[in-house]
Each structure stands twice: as C-alpha cells, then as structure tokens.
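Here's the letter readout for the chains.
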Amino acid sequence: QVQLVESGGGLVQAGGSLRLSCAASGRTFSNYAMAWFRQAPGQEREVVTAISRLGGSTDYADSVKGRFTISRDKAKSTVYLQMNNLKPDDTAVYYCAAKWRLVGGIVPNNAYDYWGQGTQVTVSS
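Residues numbered from 1 in each chain as written. Predicted model: local features only at pLDDT ≥ 70, side-chain atom pairs only at ≥ 80, totals over all residues. Heavy atoms only, no water.

Student: Please clarify how the pattern of salt bridges should be interpreted in this entry.
Tutor: Evaluated as defined, the whole model comprises 5 salt bridges. A salt bridge links Glu46 to Arg38; the shortest N-O distance between them is 2.7 Å. Arg38 gets classed as buried once you look at its relative accessible area, which sits at 6%. One salt bridge connects Lys65 with Asp62, and the closest N-O pair in it is separated by 3.2 Å. (Salt bridge = Lys/Arg side-chain N within 4 Å of Asp/Glu carboxyl O. Buried < 20%, exposed > 50% of the residue type's maximum accessible area, 1.4 Å probe, protein only.)

Below you can see the structure in the form of structure tokens.
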C-alpha cells in the first residue's frame with residue numbers, strides 16, 4: 001500500500017496561485033501513476049490532471065489547461081500541482097490519487113486505488 005498526504009491548500013484571490021503537494025510513503029514511488037482530482041460542493045468528483053509513473057506523460061482537464069501543471073519528484077516521493085491564474089470555479093477539495101503499475105502511460109480515471117484525505121482550495125472573486 002501507499003499512503004498519500006496532501007498539503008498546500010488555502011484561500012486565494014482570483015488570479016492568484018497555489019502549489020499543492022502530495023507526499024507518498026510506504027512503497028516505491030516510481031511504481032505509481034498519480035493524479036489530482038477535485039470535488040466541489042454538490043458536484044461529482046472530477047479528474048484535474050494525471051501523470052505517468054516516471055513523469056513522461058501528463059494529461060489535463062480542458063478547464064485547467066494552460067493554468068495548472070503537474071510534476072513529480074522521485075527523490076522526495078512527492079507529486080505537485082502548480083495552480084496559476086486561479087478562478088472561483090476552481091474552488092473545491094483537491095485529492096491526490098495513486099495507481100500501482102509497472103508500465104507507462106496515463107491511468108483511466110476510474111482505476112486509482114489509493115487516495116489522500118484532501119485539501120481545501122478556495123478562490124475568492
């Protein structure tokens with residue numbers, strides 16, 4: 001198993017930036033594809049972005065392309081979500097997710113096995 005702990009959420013004004021971190025522990029970090037999801041009040045959870053286990057592939061939801069960047073640091077066993085030009089619609093609880101795999105590529109959204117506890121991001125207008 002892998003344990004995931006998110007941090008970095010908070011309150012920011014529209015147009016501002018935040019960087020979320022997700023620290024993984026318990027197993028070999030490079031054996032896990034990672035992703036960020038978010039869930040706003042009254043809405044379903046949606047995928048924001050994903051990264052392959054070695055970082056060679058990334059994918060983004062259309063709503064965040066050009067504003068958000070996912071990255072991973074093998075030495076720190078951490079995946080990051082840099083969020084720029086934040087909008088009120090980005091307000092949600094953000095969750096880190098992991099899927100164990102030994103091949104590259106992006107994991108289907110419904111295949112993630114492990115989840116963090118979430119971190120709140122609130123963007124004021």
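Past the structure itself, the notes keep going.
Student: I would appreciate a short explanation of the side chain of Ser30 in the present structure.
Tutor: You can see Ser30 is positioned in the loop between strand E3 (18–25) and strand E4 (32–39). Sequence-distant contacts of Ser30, that is, excluding residues within four places in its chain, are made with Arg53, Leu54, Arg72 and Lys74. (Helix = DSSP H or I, 4+ residues; strand = E, 2+ residues; numbered from the N terminus. Contact = heavy atoms within 4.5 Å.)

Student: For this particular structure, what's the right way to read the environment of Val79?
Tutor: Assignment of secondary structure puts Val79 in strand E8 (residues 78–83). In this structure Val79 comes out as buried when scored by relative accessible area, which is 0%. Filtering out sequence-adjacent residues up to four positions away, Val79 remains in contact with Leu20, Ser21, Cys22, Phe29, Met34, Trp36, Ile51, Ile70, Ser71, Arg72 and Cys96.

Student: Explain the nonpolar core here, please?
Tutor: One recurring pattern in soluble globular proteins: nonpolar side chains tend to sit buried together. With 28 residues, the main nonpolar core has Leu4, Met34, Trp36, Phe68, Val79, Met83 and Tyr94 as its most contacted residues. Sorting the residues of this core by element identifies E3, E4, strand E5 (46–51), strand E7 (68–73), E8, strand E9 (92–100) and strand E11 (119–124) as the ones contributing at least two each. Residues contacting Phe68, with those up to four places away along its chain left out, are Arg38, Val48, Tyr60, Leu81, Gln82, Met83, Asn84, Leu86, Asp90 and Tyr94. Among the nonpolar cores identified, the runner-up in size contains 8 residues, and Ala50, Ala97, Val107 and Ala111 belong to it. (Core = buried A, V, L, I, M, F, W, Y, C linked by side-chain atoms within 4.5 Å.)

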